[in-house]
Amino acid sequence: MSYIEQKSPMGEMNTTPLIDVMLVLLIMFIITIPPVNHAVKVDLPSTGKPQPKGPDPVINKIVILPNSNILWNGQPISLDQMSDFLKQTKAMTPEPELQFQPAATARYDIVDFTLARIKGADVEKFGFVGNEQYAEFGKADNGL
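The structure displayed is predicted, hence computed values, not measured ones. (Residues numbered from 1 in each chain as written. Predicted model: local features only at pLDDT ≥ 70, side-chain atom pairs only at ≥ 80, totals over all residues. Heavy atoms only, no water.)

Participant: Please give an account of the pattern of salt bridges that cites residues and values.
Facilitator: The final tally for this structure, using the stated rule, is 4 salt bridges. In this structure, Lys 90 engages Glu 95 in a salt bridge whose closest nitrogen and oxygen atoms are separated by 3.4 Å. Since its relative accessible area comes to 28%, Lys 90 is described here as partly exposed. Salt bridges sharing partners connect three or more residues here, namely Lys 90, Glu 95 and Glu 124. (Salt bridge = Lys/Arg side-chain N within 4 Å of Asp/Glu carboxyl O. Buried < 20%, exposed > 50% of the residue type's maximum accessible area, 1.4 Å probe, protein only.)

Right under this line is the structure:
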């Protein structure tokens with residue numbers, strides 16, 4: 001006996017409309033979820049009128065190596081030691097310049113923690129150095 005010739009009513013529920021409604025609700029839920037953004041806000045100097053450069057008594061440099069070691073002027077330190085050094089340099093007059101150079105292959109979380117500590121110390125003279133390494137790193141990844 002075929003489906004068309006069946007005399008008794010169908011006892012099963014038609015789930016096709018239910019599945020359609022559930023898919024639409026799922027898509028609407030996915031669209032309305034806000035994107036997750038993780039960022040550390042760093043106030044960089046504006047590109048306006050150049051400030052007159054006076055001689056800096058000390059230029060401190062923080063380097064993050066690919067193995068996640070943090071160097072302060074070439075000496076390995078921890079994040080807590082770095083915070084102490086930042087407090088000491090903040091008290092100096094004039095405040096020394098702080099240069100930041102993470103390796104292109106350094107772990108993101110270590111770089112992020114370091115930037116958060118620098119931001120928390122209210123460092124005013126701050127700059128990124130060694131950015132040319134990222135141009136080479138990007139070309140290798142993009143196949144250019």
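Participant: Account for the environment of Ala 104, naming residues and giving values.
Facilitator: Secondary-structure assignment places Ala 104 in the loop between strand 4 (97-102) and helix 3 (108-120). Each C-alpha atom of the pair Ala 104 and Glu 132 lies 9.8 Å from the other, and the pair is 28 residues apart in sequence. (Helix = DSSP H or I, 4+ residues; strand = E, 2+ residues; numbered from the N terminus.)

Participant: Please provide a residue-by-residue account of the sheet that holds strand 3 (residues 75-77), values included.
Facilitator: On the basis of which strands lie adjacent, the open sheet formed by 5 strands has the order 3-2-1-4-5 and mixed pairing. One side of each edge strand has no neighbouring strand; the edge strands of this open sheet are strand 3 and strand 5 (126-128). Here the strands of the sheet are splayed against their neighbours by 30° on average, with no regard to which way each runs. Across the sheet, helix 3 touches strand 1 (59-64), strand 2 (70-72), strand 4 and strand 5, and the angle it forms with strand 4 is around 170°. (Pairing = 2+ DSSP bridges. Axes fitted to C-alpha atoms, helices over the stretch in contact; angles between N-to-C directions. Contact = heavy atoms within 4.5 Å.)

Participant: Please set out unusual backbone geometry residue by residue, giving values where relevant.
Facilitator: Note that the residue after Thr 93, namely Pro 94, is joined by a cis bond; omega there is -10°. Inspection of the secondary structure assignment puts Pro 94 in the loop between helix 2 (79-91) and strand 4. Although it is not a glycine, Ser 68 adopts a positive phi angle of roughly 75°. Of note, Ser 68 is situated in the loop between strand 1 and strand 2.

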